[in-house]
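This is what each chain is made of:
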Amino acid sequence: MKWVSRFLCITALVLGGRALATEAPVYGPRLEGFASPWPLKTYRFSSQRQMVEMNYMDVRPAHPNGRVAMLLHGKNFCAATWETTIRALVRAGWRVIAPDQIGFCTSSKPDNYQFSFAQLATNTHDLLLSLDVEHPVLIGHSTGGMLAVRYALMFPRDVQQLVLVDPVGLENWQAKGVPYRTIDEWYAGERGKTADAIRAYERRVYYDGKWNPAWERWVQMLAGMYRSPEGDAVAWNSARLYDMIFTQPVVQEFPNLHVPTVLMIGDRDITAIGAEGAPPDVRAQLGHYPELGRAAVAAIPRARLVEFPTLGHAPQIQDPAVFHARLFEILEH
């Protein structure tokens with residue numbers, strides 16, 4: 001079926017304390033109908049006895065500086081959510097490659113796939129080999145930060161620099177007492193996820209209770225896939241990805257990282273996977289990003305920490321100018 005962005009109902013959304021009428025887009029399970037900021041390319045390969053497709057943007061500058069940045073998105077984000085960062089990097093002469101990982105966004109949503117950070121890192125490494133790209137700077141946000149760590153552990157000679165932007169996985173949630181949730185339980189919670197639920201979570205956890213109408217585009221990007229008649233495929237992949245994030249911690253391997261590493265932490269971030277299902281005393285101990293960032297930098301050899309005192313989980317979205325100023329300071333050293 002060829003998907004186009006269709007608009008179903010008019011819903012009232014409270015944005016910045018003001019009720020607005022907005023149309024609810026319906027996208028395909030691979031974001032068919034969503035307007036990508038740059039043309040998508042497809043890396044098609046065999047993995048786990050099936051053919052899968054990993055879509056990506058490969059954006060080249062008018063005046064190259066010879067450097068390549070690989071941008072790795074988070075769990076509730078896509079390659080497209082890096083748009084302002086891509087524009088800033090390209091203006092500065094960088095070639096930027098931004099993939100959607102298998103199971104996410106515009107890439108394949110396989111019904112039967114064993115998700116692991118090692119598998120996703122291998123897929124990403126193979127994509128770069130196919131493009132003859134060597135020694136990129138890896139910039140990983142949120143879950144993409146966990147993936148970037150696994151990539152750097154597996155392929156340390158192929159990474160020029162590691163930049164982790166509010167990565168999840170700075171703590172082992174299960175070891176701290178967060179109860180295990182089965183994939184079936186994750187799936188039940190993901191089915192039919194609404195824009196209201198996504199927005200409420202992001203406002204509370206990512207943005208310190210604040211909201212900007214400009215961020216609504218990214219809420220509708222996610223919600224539009226769940227509105228698809230094939231939305232259950234999105235939920236099923238999402239459930240298995242949450243299981244991967246929860247059960248495959250990387251924090252214990254931080255001392256083994258031997259590539260130049262910088263953590264960029266929004267101090268108002270409180271992200272902790274599964275925290276809502278934890279007892280109150282456990283929940284109170286989770287997601288303290290200023291402490292977690294400092295502990296991570298102490299564990300990673302020669303790592304550096306950049307803090308944004310007033311920003312949350314997605315500083316590149318919340319305040320792009322401040323974020324990019326610090327990012328370029330990092331990349332120039």
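Residues numbered from 1 in each chain as written. Predicted model: local features only at pLDDT ≥ 70, side-chain atom pairs only at ≥ 80, totals over all residues. Heavy atoms only, no water.

Secondary structure summary: the protein contains eleven helices and ten strands in total. Its C-alpha atoms give the protein a radius of gyration of 19 Å, within 12% of the compact-globule value 20 Å for 333 residues. Summarising its shape, the C-alpha atoms of the protein cover approximately 50 × 50 × 45 Å along the three principal directions. When burial is assessed residue by residue, the protein has 58% of its 333 residues classed as buried. Summing over all exposed atoms, the protein offers an accessible surface of approximately 14,000 Å²; the carbon and sulfur share of this is 52%. (Helix = DSSP H or I, 4+ residues; strand = E, 2+ residues; numbered from the N terminus. Rg over C-alpha atoms; globule rule 2.2 N^0.38 Å. Buried < 20%, exposed > 50% of the residue type's maximum accessible area, 1.4 Å probe, protein only. Areas by Shrake-Rupley, 256 points an atom, 1.4 Å probe, with all protein chains shown as cover.)

Once that is clear, we can look at the environment of Arg 95. With respect to the element layout, Arg 95 can be found in strand β6 (residues 95-99). Residue Arg 95 is classed as buried on the basis of its relative accessible area, which comes to 13%. With 31 residues separating them in the primary sequence, Arg 95 and Pro 64 have C-alpha atoms 7.1 Å apart. Sequence-distant contacts of Arg 95, defined by excluding residues within four places in its chain, comprise Asp 58, Val 59, Arg 60, Pro 61, Arg 67, Val 68, Ala 69, Leu 131 and Val 133. Among the polar contacts made by the side chain of Arg 95, one reaches the side chain of Asp 58 at a distance of 2.7 Å. (Contact = heavy atoms within 4.5 Å. Polar contact = N/O pair within 3.5 Å; in protein donor to acceptor, adjacent residues only side chain to side chain.)

Let us now look at the packing of aromatic side chains. The full count for this structure, using the stated rule, is 14 aromatic pairs. Ring centres of Tyr 207 and Trp 215 lie 4.0 Å apart, and the angle between their planes is 20°; this geometry places the pair in the stacked category. Each member of the pair, Tyr 207 together with Trp 215, is buried. Through a chain of ring-to-ring contacts, the aromatic side chains of Phe 77, Tyr 201, Tyr 206, Tyr 207, Trp 211 and Trp 215 assemble into a single cluster. Positioned above the aromatic ring of Tyr 242, the side-chain terminus of Lys 75 is 4.2 Å from the ring centre. Just above the ring of Trp 186 sits the side chain of Arg 181; from NZ or CZ to the centre is 4.0 Å. (Phe/Tyr/Trp six-rings, centres within 6.5 Å; stacked < 30°, edge-to-face > 60°. Lys NZ or Arg CZ within 6 Å of the ring centre and 35° of its normal.)

As far as function goes, none of this settles anything; it's purely spatial.
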